[in-house]
Amino acid sequence: GGAPSRLNVNNRAIATSVRGRTSLSGTLTASLVEGRIEVQQRHRTGGLDVEGPVTVTVGDTTAASPLGGRLQAHVPDVATALRSLAPLGASVPESVARTAGEADSTIILSGSVASPVFSAEVRTGGVQVADVGRVSGTLHAEVTPALVTLSAIALEKGAARVAGDV
């Protein structure tokens, strides 16, 4: 009998600017209970604010441990957020990197620690796209360590509408 063992950890990170690195600031509260790590977090990195719960079910190895979570993200400026991905190895076309404006997203986290999957519903009331102009709309993004897939794209510019998958 008795209550389950519990370990609680609190962390506060303050971003420092280091060339070639993506800085991170925010807070994290994690609890280890009965083989599950439950995390409540709120972080900011390079123009991306993310908050929400994440769960890691401890498996045979850390890498194989399953992930779960539902995160909310706000991007105050798309161009700044995209530039912050460069130190992580992401290649962003110059025309896309010059996109300016805000976006919001709901992100479902799954997969494992070694191979996370981010499934995001992205929406914007308007971003300025290079050589196109102001565009609003929604899309679905599936992001893995190896691939980014965009689908359910529904964009509008004035009376023009575009829909499709990439």
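Relevant structure appears above.
Please read these numbers as outputs of a predicted model, since none were measured by experiment.

Engineer: Report on the environment of valine 56, specifying residues and quantitative values.
Structural biologist: Inspection of the secondary structure puts valine 56 in strand 4 (residues 48–57). Through-space distance from the C-alpha of valine 56 to that of valine 113 is 7.9 Å; in sequence the pair is 57 residues apart. When residues no more than four places from it in sequence are discounted, the contact partners of valine 56 are Gly35, Arg36, Ile37, Ser65, Pro66, Leu67 and Val113.

Engineer: Provide a residue-level description of the pairing of strand 7 (residues 103–111), including the pertinent values.
Structural biologist: Of the pairings in the sheet, the one linking strand 5 (residues 67–75) to strand 7 comprises seven bridges and is antiparallel in character. Along strand 7, the bridge assignment pairs alanine 73 with serine 105. In terms of strand pairing, strand 7 meets strand 8 (residues 116–129) through eight bridges, oriented antiparallel. Considered in strand 8, the bridge of glycine 111 is made with proline 116. Hairpin connection, strand 7 to strand 8: the antiparallel pair is bridged by four residues.

Engineer: Lay out the side chain of histidine 140 in plain terms, naming residues and giving numbers.
Structural biologist: Mapped onto the fold, histidine 140 is located in strand 9 (residues 133–143). Exposure remark for histidine 140: the relative accessible area of 14% places this residue in the buried category. Among the polar contacts listed, one links the side chain of histidine 140 to the side chain of glutamate 121, at a separation of 2.5 Å. The residues contacting histidine 140, other than those within four sequence positions of it, are Ser119, Ala120, Glu121, Thr149, Leu150, Ser151 and Ala152.

Rules used in this analysis
- All residue numbers here refer to positions counted from 1 along the written sequence of the relevant chain.
- Per-residue local features of the predicted model are confined to residues with pLDDT of at least 70, and side-chain atom pairs are confined, for both listing and counting, to 80 or more; whole-chain, interface and lining totals are unaffected and use all residues.
- By convention in this description, side-chain values take in all heavy atoms of the structure and omit both hydrogens and water.
- Runs of H or I in DSSP of at least four residues are treated as helices and runs of E of at least two as strands, each being numbered from the N terminus.
- Contacts were defined at the residue level, with two residues in contact if any of their heavy atoms lie within 4.5 Å.
- Following DSSP output, two strands are said to pair if at least two bridges run between them.
- Remark: exposure states derive from per-residue accessible area (1.4 Å probe, protein chains only) relative to the maximum for the residue type, with buried under 20%, exposed over 50%, and partly exposed in between.
- Side-chain atoms alone can form a polar contact between residues adjacent in sequence; in general such a contact is a pair of N or O atoms within 3.5 Å, and within protein one must be able to donate a hydrogen while the other accepts it.

Note that all results are geometric; they support no functional claim without further evidence.
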